[in-house]
Structure formats: C-alpha cells, structure tokens
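Analysis of the macromolecular model
Here is how the chains run, residue by residue.
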Amino acid sequence: MMKKFLFILLFIFLAGQFVFAQVDEISLFVKGNEAYENQEYGEAIEFYEQILRMGKTSGALYYNLGNAHFRQGSLGKALLYYERAKKLIPRDQDLQANARFASALIQGQESSRKTILGDFFSLRKWLTLSEYYWILFLMIMMFVVTHLMSLYFSWKRSKKISALALLALIIVFWSFNTWMKIFYHKDQAVILAATSARFEPREGATVHFDVSEGWLVTVEKIEGEWVRVKRSDGRNGWIQADKLEKI
C-alpha cells in the first residue's frame with residue numbers, strides 16, 4: 001500500500017513539473033512577443049533564449065528569434081535562426097519571405113550562396129525530417145502489404161516480382177534522399193560577423209578572401225580557435241571560430 005502511495009505521489013510530482021515547465025515556456029514566449037511588439041528587441045531575444053536554455057525548440061521560436069535579431073541589425077544571427085526554423089517549418093510563407101529579404105541584403109551572396117542552398121531533390125526544402133521518416137515508413141508498409149496481397153491472391157511470379165522490385169527501388173531512392181536530408185545542414189554554418197579567411201590558421205597569416213556577414217559556408221576542419229570553411233565555389237580558408245555558428 002505504501003509503495004502504491006509513493007508511486008502516486010511521484011507521478012503527481014512529475015506531472016506537476018511538466019505542467020509548470022509548459023506554462024513557464026508559454027509565459028516566456030508571450031513575454032518575448034510583447035517585448036518584440038514594443039520594439040524592445042534585446043529583451044525579446046533574452047526571453048526567447050531562456051526558452052532555448054530550457055531545452056525547448058520550435059520553428060516559431062527560431063523564426064521569432066530571427067526576426068528580433070534582424071530588427072537589431074544582426075543579419076548573421078537572423079539568417080542562422082531562419083535556417084534553423086526552415087528545418088522545422090519549411091513551408092511557412094512568412095519565414096520564406098523574411099529569409100529571402102534578409103538574404104538579399106548579404107554582400108557577395110551570389111558567389112557564396114549559389115550552390116550551397118541548392119537541393120539534391122526539389123522536395124528536400126519543403127519537408128521536415130520527421131515527414132521524411134513517415135513517408136519512408138508508409139513505403140515500407142506498402143511493400144509488406146503488397147507482398148501479403150501477392151500471397152493471398154496468388155499473383156503470377158512475374159507480376160509479384162515486378163511490383164515488389166518497383167517498390168523496393170522507390171524505397172531505396174527515398175532512403176537515400178532521407179540520408180541526404182539528415183546530413184543537409186550537418187556541416188553548414190552561418191557567418192555571424194564580417195571577417196577575412198586566411199591561408200593558415202593563425203593571426204597575421206596572408207588573407208585569402210573576405211567573408212561577409214550572413215554567408216553560408218561549409219565547415220571542413222577545426223583546429224583550436226580556427227575553422228577552415230569552404231565557399232560554394234570551392235575556395236576555402238581559415239577564420240576564427242567565434243565568427244560563425246553551425247546551423
């Protein structure tokens with residue numbers, strides 16, 4: 001009896017903790033929105049970042065953070081959070097519009113963003129990773145159902161093999177696309193402040209090219225406080241780690 005009572009108390013405590021956390025998260029989000037409406041963008045960012053420190057993320061939170069940083073003039077931070085929001089709410093029209101507007105302000109964006117944002121398949125930027133998983137699951141279930149139907153209705157061998165081979169090919173194709181989606185942002189980073197890329201990872205090394213705030217680059221190697229990044233045209237150079245942040 002005592003064990004049962006203690007279990008109930010523990011359940012109530014954990015449930016209460018969960019509810020309070022949810023209420024606190026919503027309260028902070030509302031306060032952030034109010035601060036943003038009052039043009040107190042720094043305060044709005046602090047409220048939103050408190051939610052992040054709680055381990056909570058969402059497309060709306062990243063989107064609002066992007067907007068607040070954009071209003072403060074932090075183009076790099078704005079684009080960083082817009083890119084993170086795209087992973088969760090890729091079809092949001094307001095997000096797409098704001099991201100395009102911010103991208104248009106980047107210096108030299110033609111050379112740095114031309115192919116990095118290119119999609120291997122056109123659907124990749126419109127579906128979330130969880131949606132990819134669900135589609136893959138449904139494809140596998142379709143394969144199983146087709147196999148069972150072939151047994152139940154005694155399909156001809158050629159018909160069965162053709163149907164299952166076609167479905168297997170589609171599953172392989174989608175599995176590869178899902179794998180590409182997983183690693184799409186893996187090594188991508190956004191430049192947070194304009195800097196210079198150098199030939200070697202040290203201060204005073206010869207400058208290879210200038211890097212503008214907001215550029216999307218690929219992280220190739222990390223050595224201490226230096227990161228070797230690659231532009232979309234293949235040119236690479238070393239910049240200080242605090243000048244960028246991974247998506």
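Note that the structure is a prediction, hence the values are computed from the model and not measured.

The rules behind the values
- What you see as residue numbers is a count from 1 along each chain, following the sequence as written.
- The model is predicted, so local features are restricted to residues of pLDDT at least 70 and side-chain atom pairs to those at 80 or more, both for listing and for counting; the totals for chains, interfaces and linings are taken over all residues.
- Side-chain measures here rest on the full set of heavy atoms in the structure, leaving out hydrogens and waters.
- In this text, helices come from DSSP runs of H or I with a minimum length of four residues, and strands from runs of E with a minimum of two, each type numbered from the N-terminal end.
- Note on classification: 1.4 Å probe, protein chains only; a residue is buried when its accessible area is under 20% of the maximum for its type, exposed when over 50%, partly exposed between these limits.
- The contact criterion used throughout is that any non-hydrogen atoms of two residues lie within 4.5 Å.
- Only the protein chains shown count as cover for residues, with accessible areas throughout obtained via the Shrake-Rupley method and a probe of 1.4 Å.
- Take the buried Ala, Val, Leu, Ile, Met, Phe, Trp, Tyr and Cys residues and link them wherever side-chain atoms come within 4.5 Å; each set so joined is a nonpolar core.
- How far a helix is expected to stretch is found by multiplying one less than its residue total by 1.5 Å.
- For salt bridges, the criterion is a side-chain nitrogen of Lys or Arg within 4 Å of an Asp or Glu carboxyl oxygen.
- Think of it this way: a Phe, Tyr or Trp ring, Trp meaning its six-membered ring, pairs with another when their centres are within 6.5 Å, and the plane angle makes it stacked under 30 degrees, edge-to-face over 60, tilted otherwise.
- Counting as a charge over the ring demands two things of the Lys NZ or Arg CZ atom: a distance within 6 Å of the ring centre and an angle within 35 degrees of the ring normal.
- Within this analysis, patches are made of residues with over 30% relative accessible area and no salt bridge. Like charges are joined at 9 Å or less; nonpolar side chains (Val, Leu, Ile, Met, Phe, Trp, Tyr) at 5 Å or less.
- Note on definitions: angles span 0 to 180 degrees between N-to-C directions of axes, and those axes are lines fitted to C-alpha atoms, for helices only across the stretch in contact.
- Should an angle fall under 35 degrees it is taken as roughly parallel, and over 145 as roughly antiparallel, whereas 65 to 115 is taken as roughly perpendicular and any remaining angle as oblique.
- In this scheme the crossing of two helices becomes right-handed for a clockwise turn of the near helix relative to the far one and left-handed for an anticlockwise turn of less than a right angle.
- Basically, the charged four are Asp, Glu, Lys and Arg, the nonpolar ten are Ala, Val, Leu, Ile, Met, Phe, Trp, Tyr, Cys and Pro, and anything else, Gly included, counts as polar.
- Note on scores: pLDDT gives the predictor's confidence for each residue, bounded by 0 and 100.

The helix and strand tally for the chain stands at eight helices and seven strands. Across the 247 residues of the chain, 34% fall into the buried class. In the chain, of all internal contacts separated by at least 6 residues, the share reaching a separation of at least 24 is 59%. Surface exposure of the chain reaches about 15000 Å², of which carbon and sulfur atoms provide 62%.

One finds Leu-79, Tyr-82, Ile-191, Val-211, Ile-239 and Leu-244 to be the most contacted residues of the largest nonpolar core, which totals 41 residues. No other element matches helix H4 (residues 75-86), which puts seven residues into this core. In this structure, Tyr-132, Leu-136, Ile-171 and Trp-174 belong to the second largest nonpolar core, which totals six residues.

Here H4 spans 16 Å end to end across twelve residues, near enough to the 16 Å set by a 1.5 Å rise per residue. Counting buried residues along H4, ten of its twelve residues qualify, which places the element largely inside the surrounding structure. Considered for burial, the residues of H4 that qualify are Leu-75, Gly-76, Ala-78, Leu-79, Leu-80, Tyr-81, Tyr-82, Glu-83, Arg-84 and Ala-85.

Let us look at the pattern of salt bridges. In this structure the tally under the stated criterion is 13 salt bridges. For Glu-83, the salt bridge is made with Lys-86, and the minimal N-O distance between the two is 3.4 Å. Taken together, the positions of Glu-83 and Lys-86, both in helix H4 and three residues apart, correspond to about one turn of that helix. A relative accessible area of 4% means that Glu-83 is categorised as buried.

Further remarks concern the packing of aromatic side chains. Overall, the coordinates contain ten aromatic pairs when judged by the stated rule. Pairing Tyr-36 with Tyr-41 gives two aromatic rings, centres 5.2 Å apart and planes at 65 degrees, and the pair type is edge-to-face. In terms of burial, Tyr-36 and Tyr-41 fall into one category: buried. Pairing Trp-134 with Phe-137 gives two aromatic rings, centres 5.9 Å apart and planes at 90 degrees, and the pair type is edge-to-face. Residue Trp-134 and its partner Phe-137 are located together in helix H7 (residues 129-152), separated by three residues, close to a single helical turn. You can call Trp-134 exposed: its relative accessible area is 57%. Among the aromatic residues, ring-to-ring pairing joins Phe-176, Trp-179 and Phe-183 into one connected group. Sitting over the ring of Trp-155, Lys-159 keeps its end group 4.5 Å from the ring centre. The cationic tip of Arg-231 hangs over the ring face of Phe-209; the distance from NZ or CZ to the ring centre is 4.8 Å.

What follows is about the side chain of Ser-212. Relative to the assigned elements, Ser-212 resides in the loop between strand S3 (207-211) and strand S4 (216-223). The residues contacting Ser-212, other than those within four sequence positions of it, are Gln-107, Ile-191 and Ala-194.

A cluster of nonpolar side chains, Tyr-133, Phe-176, Trp-179, Ile-182 and Phe-183, forms an exposed patch at the surface whose accessible area comes to about 500 Å². With three residues, the top contributor of residues to the nonpolar patch is helix H8 (residues 157-182). Looking at where Tyr-133 falls in the secondary structure, it is placed in helix H7.

Describing two packed helices takes the angle between their axes plus the distance from one axis to the other. Two numbers describe how helix H3 (residues 59-71) lies on helix H5 (residues 93-103): the axes approach to 11 Å, and their chain directions differ by 30 degrees. Classified by the angle between their axes, H3 and H5 sit roughly parallel to one another. Taken as a pair, H3 and H5 cross one another with a handedness that is left-handed. On H5, the residues that touch Tyr-63, Asn-67 and Phe-70 of H3 are Asp-94, Leu-95, Asn-98, Phe-101 and Ala-102. Tallied by class, residues from the contact of H3 with H5 come to five nonpolar, two polar and one charged.

Further remarks concern the environment of Ala-44. Inspection of the secondary structure puts Ala-44 in helix H2 (residues 41-53). When the C-alpha atoms of Ala-44 and Leu-65 are compared, they prove to be 8.0 Å apart, with 21 residues separating the residues in sequence. Residues in contact with Ala-44, not counting those within four places in the same chain, are Gly-32, Ala-35 and Tyr-36.

In this model, the chain carries an average pLDDT of 87, and 85% of its residues clear a pLDDT of 70 or more. Every residue in residues 3-21 scores below 50 in pLDDT, and together they form one contact with partners more than four places removed in sequence or on other chains. Every residue in residues 110-120 scores below 50 in pLDDT, and together they form 32 contacts with partners more than four places removed in sequence or on other chains.

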